[in-house]
Amino acid sequence: LTTNKSVRKNNLSLQTNSGKKLLISIVVSPVGQAGAGVIIVFRDMTKEKAEEREMAEFISTASHEMRTPVASIEGYLGLVLNPSVVQIDDKTRDFITKAHESAQHLGRLFQDLLDVSKAEDGRLSNNPKVVDIVHFTHNVIEGLRPQADAKNLSVVFKPQPDDTSLSDRHLNPVFYAQVDNDHLREVIANLTENAIKYTLRGNVVIDVTGSNDKIIISVTDSGIGIPAEDIPHLFQKFYRVDNSDTREIGGTGLGLYLCRRLAEVMDGRIWVESTYKRGSTFFLEIPRISHEDATRLIEATPTPIVPAVMPPQPQTPAVVQQPLQPSLSDTVTSPDPAQIAEQLKQVNSQAQQIPQPVNTPLTSIEQNPAQYTQARPPSVPIPVRQPKKQR
Ligand code: ADP
């Protein structure tokens, strides 16, 4: 009434006189001058929300079930392509490479779907810890460097590491945030992987800046850029820019949506500035905490500052070695970190038993494809659809 502005909210709950709770949306529309009156429309969303939940559950279960066999296919095809495991002729290699790429694409799609459904139905965990953002970002970026090297792109990390050997020491401000480092890693990696993917030549520049209460991580590329009309839709689910530049580049349209959801969980926000055909800059803003608060929080918890756990990457790998770490979706089924650590130890030790040639490190799936087949539930017979009788 006082602001004379319309209001929309779709996540309210209303309790009726009889005590029944309804999920509702409201639209408040002012009529006439400020204070004159408003029209309020209440809509019962209970059924809609229940349907949404059912759909999310279905997507989550289906993608989980499908990811397992696809990971197995991906792993075995990867093994066939590894010269230290099997010798194949060029024609076979060509066919298997195509099948391997498609299996990888499917695997990514199911993984993204799983992560998204988890973000949507509130199963996304949030374990904020004190993170030194410059170091953390640097470590994540270093892990992705081989992908850029493979495309001859240069990756520049702007904040210079503190070099104590120089007389005129340039100290970067230390930016601390209290966020879930898995979420932060996922967003930085997604933005940087996109920058590499959508850039044909030139460079990718990562910067960390901030003010007293905010930290901004930016990823700039000299890539294909984004047409102005697509920018408002970029962070929506399944949205992909469809033009001659993007058609050849694979993707699911889920990465940026997930980044937005994760940014929101971290009390942050994400946005983009882009010039079509020139390049783009994606920004992630998260709240900054003071040095004193960081010290107090670190002292209060025995956990050390998170230094971004990325595994050492090979210098010039033919296949980029994947970190053997639990992803968002792994934690859906095995939320106990101790159990995950134990499983990873076992997988790692099994993986060590496979001889690895210097320049062709195996991916985690290739190291132990059997784990994916073992994880499969007993197969359910699929009813065969009978062809319709011809009249
Ligand atoms: P995708 O799996 O398609 O990459 P995303 O959600 O990560 O899905 O990105 C959505 C769309 O945004 C992409 O399909 C692409 O058209 C566009 N996009 C994302 N990042 C960039 C970038 N750095 N440069 C140009 N276009 C981008």
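Everything quoted here is computed from the prediction, not taken from an experiment. (Residues numbered from 1 in each chain as written. Predicted model: local features only at pLDDT ≥ 70, side-chain atom pairs only at ≥ 80, totals over all residues. Heavy atoms only, no water.)

**Q** Just to check I follow, could you spell out the overall build of the protein for this structure?
**A** Of regular secondary structure, the protein possesses 10 helices and 10 strands. Here the protein holds 391 residues, and 37% of them are scored as buried. Within the protein, contacts between residues separated by at least 24 positions form 65% of all contacts whose residues are at least 6 apart in sequence. Total accessible area computed for the protein in this model is approximately 23600 Å², and 54% of it derives from carbon and sulfur atoms. (Helix = DSSP H or I, 4+ residues; strand = E, 2+ residues; numbered from the N terminus. Buried < 20%, exposed > 50% of the residue type's maximum accessible area, 1.4 Å probe, protein only. Contact = heavy atoms within 4.5 Å. Areas by Shrake-Rupley, 256 points an atom, 1.4 Å probe, with all protein chains shown as cover.)

**Q** Help me understand the site of the ligand, please; the structure alone is not making it clear to me.
**A** Surveying the vicinity of the ligand reveals 21 residues, the closest of which are Asn194, Tyr198, Arg240, Thr252 and Leu256. Asn194 has a polar side-chain atom sitting 2.8 Å from an oxygen atom of the ligand. Considered on its own, the ligand offers 520 Å² of accessible surface; in the complex 98% of this is hidden by protein. Only helix H4 (181-197), helix H5 (255-265) and strand E10 (279-287) provide two or more residues apiece to the shell around the ligand. Examining the composition of the shell around the ligand, we find that three residues originate from one element, H4, more than from any other. Of the residues in the shell around the ligand, the class split is 10 nonpolar, eight polar and three charged. (Near = heavy atom within 4 Å. Polar contact = N/O pair within 3.5 Å; in protein donor to acceptor, adjacent residues only side chain to side chain. Nonpolar A, V, L, I, M, F, W, Y, C, P; charged D, E, K, R; others polar.)

**Q** Please clarify how the sheet that holds strand E7 (residues 203-210) should be interpreted in this entry.
**A** Strand pairs in the sheet, formed through backbone hydrogen bonds, run parallel or antiparallel to each other. A sheet is described by the order of its strands in space; here five strands give the open sequence E5-E7-E8-E10-E9, paired in mixed fashion. Only two strands of the sheet have a single neighbouring strand rather than two, namely strand E5 (154-157) and strand E9 (269-275). The sheet shows a mean angle of 15° between the axes of neighbouring strands, taken without regard to direction. In terms of strand pairing, E7 meets strand E8 (residues 214-221) through seven bridges, oriented antiparallel. Bridge assignment links Gly210 to a residue of E8, and that residue is Ile215. (Pairing = 2+ DSSP bridges. Axes fitted to C-alpha atoms, helices over the stretch in contact; angles between N-to-C directions.)

**Q** Would you mind showing me how to read the packing of aromatic side chains here?
**A** Any aromatic ring pair is given by two values, namely how distant the centres are and how the planes are angled relative to each other. Under the criterion given, the structure shown has two aromatic pairs. A centroid spacing of 6.3 Å and a plane angle of 75° characterise the contact between Phe235 and Phe282, whose relative ring orientation is edge-to-face. Pair noted here: Phe235 is in the loop between E8 and H5 and Phe282 is in strand E10, with a separation of 47 residues, a long-range link. What makes Phe235 buried here is its relative accessible area of 11%. In this structure Phe282 comes out as buried when scored by relative accessible area, which is 8%. With a centroid separation of 5.0 Å and 15° between ring planes, the pair formed by Trp271 and Phe283 is classed as stacked. A residue pair is termed long-range when its members are at least 10 positions apart, and Trp271 in strand E9 and Phe283 in strand E10 qualify at 12 residues. In this structure, Arg269 packs its charged tip against the face of Trp271, placed 4.1 Å from the ring centre. (Phe/Tyr/Trp six-rings, centres within 6.5 Å; stacked < 30°, edge-to-face > 60°. Lys NZ or Arg CZ within 6 Å of the ring centre and 35° of its normal.)

**Q** Before we go on, may I ask you to explain the pattern of salt bridges in this structure?
**A** Oppositely charged side chains are able to pair whenever their charged atoms sit close together. Taken as a whole and assessed by the stated rule, the structure comprises nine salt bridges. Ionic pairing is found between Arg145 and Glu142, a salt bridge with its closest N-O pair at 3.0 Å. With Arg145 and Glu142 both in helix H3 (residues 133-150) and three residues apart, this pair spans about one turn of that helix. Across the salt bridge formed by Arg269 and Glu285, the nearest N and O atoms sit 3.3 Å from each other. Taken together, the residues span a long stretch of sequence, with Arg269 in strand E9 and Glu285 in strand E10 at a distance of 16 residues. (Salt bridge = Lys/Arg side-chain N within 4 Å of Asp/Glu carboxyl O.)

**Q** Before we go on, may I ask you to explain the layout of surface pockets in this structure?
**A** In this structure, the second largest pocket spans a volume of roughly 480 Å³. Contributing to the lining of the second largest pocket are 18 residues, with Glu52, Arg53, Ala56, Glu120 and Asp121 lying nearest its centre. The set of elements that each furnish at least two residues to the lining of the second largest pocket consists of strand E1 (7-15), helix H1 (46-81) and helix H2 (90-120). The element that contributes the greatest number of residues to the lining of the second largest pocket is H1, accounting for six residues. Of the residues contributing to the lining of the second largest pocket, the split by class is eight nonpolar, three polar and seven charged. (1 Å grid on protein atoms, 1.4 Å probe; cavity = no way out; pocket = protein on both sides within 12 Å on 5 of 7 lines; lining within 4 Å. Points joined across faces, edges and corners; volume = space filled by probe spheres on them.)

**Q** Even after reading the chapter, I still don't get the sheet that holds E1, so can you show me in this structure?
**A** Pairing in this open sheet of three strands is antiparallel, and the strands run E1-E2-E3 from one edge to the other. If you trace the sheet from one side to the other, it starts and ends with E1 and strand E3 (38-44), each paired once. Adjacent strand axes in the sheet meet at a mean angle of 30° when their direction is disregarded. Against the sheet, H1 touches E1, strand E2 (21-30) and E3, its axis set at about 115° to E2.

**Q** Looking at this structure, how should I read H3?
**A** Side chains of residues three or four places apart in an α-helix project in the same direction, reflecting 3.6 residues per turn. End to end, H3 covers 27 Å across 18 residues, agreeing with the expected 26 Å (1.5 Å per residue, within 8%). The sharpest bend along H3 reaches about 40° and sits at Leu144, with the proline Pro146 one to four residues further on. In the stretch just after H3, Asn152 is the one whose phi turns positive, near 60°. (Expected span 1.5 Å × (residues − 1). Bend = angle between axes of the 7 residues up to and from the residue.)

**Q** Explain the packing of H4 against H5 here, please?
**A** Any two packed helices are characterised by how steeply their axes cross, that is the angle between the axes, and by the distance between the axes. With their axes 9 Å apart at the nearest point, H4 and H5 run at an angle of 150° to one another. Pair H4 / H5 crosses with left-handed handedness. On H5, the residues touching His183, Glu186, Val187, Asn190, Leu191 and Asn194 of H4 are Gly255, Leu256, Leu258, Cys259, Leu262 and Val265. (Left-handed = near helix turned anticlockwise from the far one by under 90°.)

Purely geometric numbers; function is a separate question.
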